[in-house]
Structure formats: structure tokens, C-alpha cells
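Chain and residue survey
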Amino acid sequence: VRELSVGQHIAIIEAVKRAGAKRLFLDFRYEPFETDANFDQLVETVNSWQDGIVLAVEGVSLAPGENKLESAVWPSNKFSPKVARGCICWEYMFWQVWEVPYAVTADNFVIPTFSAIMADLPRQTPSRFPVDYSYKPETIVKISAIDLLQGRFPAATLRGKDAILAPYSRKSPDKHYFPGHDLTP
């Protein structure tokens, strides 16, 4: 799988914004790209959307049984503090995800999770909720980066909806077992 360039990230963010998405959740670590010639333009693109973008705070280690990150990877300080940050973290119980935090504490900050922000339930205090597994993963619309870059998708697919930009391939390690489902991205 070939990584997207910073320029392609910019183009995808702009395409999602033009399509009228409610929000775009960026499930990427951008610090390896900070020396890229287009990084400042990426920062400008993200900052211009402000409340329409949520940057990932990667929970590297969630304290077992607690809503506290032992360590986290934060987005670059070049991104505006007005751009939302959301944690991508959970704890496994018996090799599966049963509960997801509404919010966690990391570096003395309370951070809502992607899940809570998507549900319009960002919490100010760390807590958890049980996951409702009655949904069908196959109903989640997936649009490839190539289709986004080439405009080969109906804008109505994204209009007014939350979108997640995340790396995915069949060989991706970012898959998880959910009760009643196989490995799910």
C-alpha cells in the first residue's frame, strides 16, 4: 500500500469539505510529514475548516480499567488550538472491544473520543459506554482515496455526514474483533 502524499491529503480534505460533510475525522499521525514542503499548506487547510476537522490523539497506552492514557501522541502544535482533538483509544477485554471511552485524561487534559464527538456527546469527565453491536459493518459507506481525489463519488454520500479519513487495506493491522463480527476496520 502506497502512502498518500501531503498534497493528496490536502486534496482529499478539500474534496470532503466541498461535498458538504458535517465533519472530517483525521485518523492520521502527521508528525512524520512536518518537514514536507506542503506541510504548512496542510496545516492551513485543516485550520481553515476549524470545527469541521477533528485531529486524532493516539492513545498509545490506556491504563487498564481506567479512563486515563498512560501515553499519547498529540498532533503537531502547528495546528490551531481551535481545531478539535479526539482520542482514538479503547481497551480490549478478552480480545474484543466491549466498552469505549466518552473521554479520557491525558497529560492533564480531558479529551473526548472520536466516538463521543461523532455521537455529539463529548464529555467533560472521563467515562465509558458499552458498544451497541447491533449495527451492520457492511452498511458503512467506504470511498477510496483515489475516488475522492478524482471526484468519483456522489457528493450526497457525504453531505451533512461525518467522514473518517484513515488508512485501510486488507493487510492493515488496524482491525479489531467485535462481538458477533469478524475482524473489522
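In what follows, the accompanying structure is described.

Definitions and cut-offs
Residues numbered from 1 in each chain as written. Predicted model: local features only at pLDDT ≥ 70, side-chain atom pairs only at ≥ 80, totals over all residues. Heavy atoms only, no water. Buried < 20%, exposed > 50% of the residue type's maximum accessible area, 1.4 Å probe, protein only. Helix = DSSP H or I, 4+ residues; strand = E, 2+ residues; numbered from the N terminus. Pairing = 2+ DSSP bridges. 1 Å grid on protein atoms, 1.4 Å probe; cavity = no way out; pocket = protein on both sides within 12 Å on 5 of 7 lines; lining within 4 Å. Points joined across faces, edges and corners; volume = space filled by probe spheres on them. Nonpolar A, V, L, I, M, F, W, Y, C, P; charged D, E, K, R; others polar. Expected span 1.5 Å × (residues − 1). Phe/Tyr/Trp six-rings, centres within 6.5 Å; stacked < 30°, edge-to-face > 60°. Contact = heavy atoms within 4.5 Å. Axes fitted to C-alpha atoms, helices over the stretch in contact; angles between N-to-C directions. Parallel < 35°, antiparallel > 145°, perpendicular 65-115°, else oblique. Left-handed = near helix turned anticlockwise from the far one by under 90°.

What follows covers the pairing of strand β10 (residues 162-165). Note on strand geometry: in a regular strand, side chains alternate between the two faces of the sheet. Where burial is concerned, the two faces of β10 differ: the one with A163 and L165 is buried and the one with D162 and I164 is not. Of the pairings in the sheet, the one linking strand β1 (residues 23-26) to β10 comprises 4 bridges and is parallel in character. If you follow R23 over to β10, its bridge partner there is D162.

Structurally, A155 is set in the loop between α4 (145-149) and β10. For A155, a relative accessible area of 29% corresponds to the partly exposed category. Separated by 139 residues in sequence, A155 and V16 place their C-alpha atoms 8.4 Å apart.

Right, let's get into empty space enclosed by the protein. Enumeration according to the criterion identifies 1 cavity of 30 Å³ or more in this entry. Taken as a whole, the largest cavity encloses approximately 50 Å³ of empty space. If you go around the largest cavity, the residues you meet are F28, R29, Y30, E31, A56, E58, V73, W74 and P75. Classifying every residue of the lining of the largest cavity gives 6 nonpolar, no polar and 3 charged.

What follows concerns helix α1 (residues 6-18). Between its first and last C-alpha atoms α1 spans 18 Å; for 13 residues at 1.5 Å apiece the expected length is 18 Å, and the two agree. Those residues of α1 lying buried are V6, Q8, H9, I10, I12, I13, A15 and V16. Note on α1: the residue one or two positions beyond its end, G20, has a positive phi of about 85°.

The description of an aromatic ring pair uses the distance of the two centres, along with the angle that the planes make with each other. Scanning the model with the defined rule gives 6 aromatic pairs in all. Ring pairs connect the aromatic residues F28, Y30, F33, F39 and F79, which therefore count as one cluster.

By secondary structure assignment, the location of T45 is in helix α2 (residues 39-49). If near-sequence neighbours (up to four positions away) are discounted, T45 is found in contact with I10, I13 and E14.

Here we take up the packing of α1 against α2. As a packed pair, α1 and α2 sit with axes 9 Å apart at the nearest point and diverge in direction by 20°. The angle between α1 and α2 falls in the class roughly parallel. Classified by chirality, the crossing of α2 by α1 is left-handed. Mapping the contact onto sequence places V6, H9, I10, I13, E14, V16 and K17 in α1 and F39, Q41, L42, T45, V46, S48 and W49 in α2. For the contact of α1 with α2, the class distribution of residues is 8 nonpolar, 4 polar and 2 charged.

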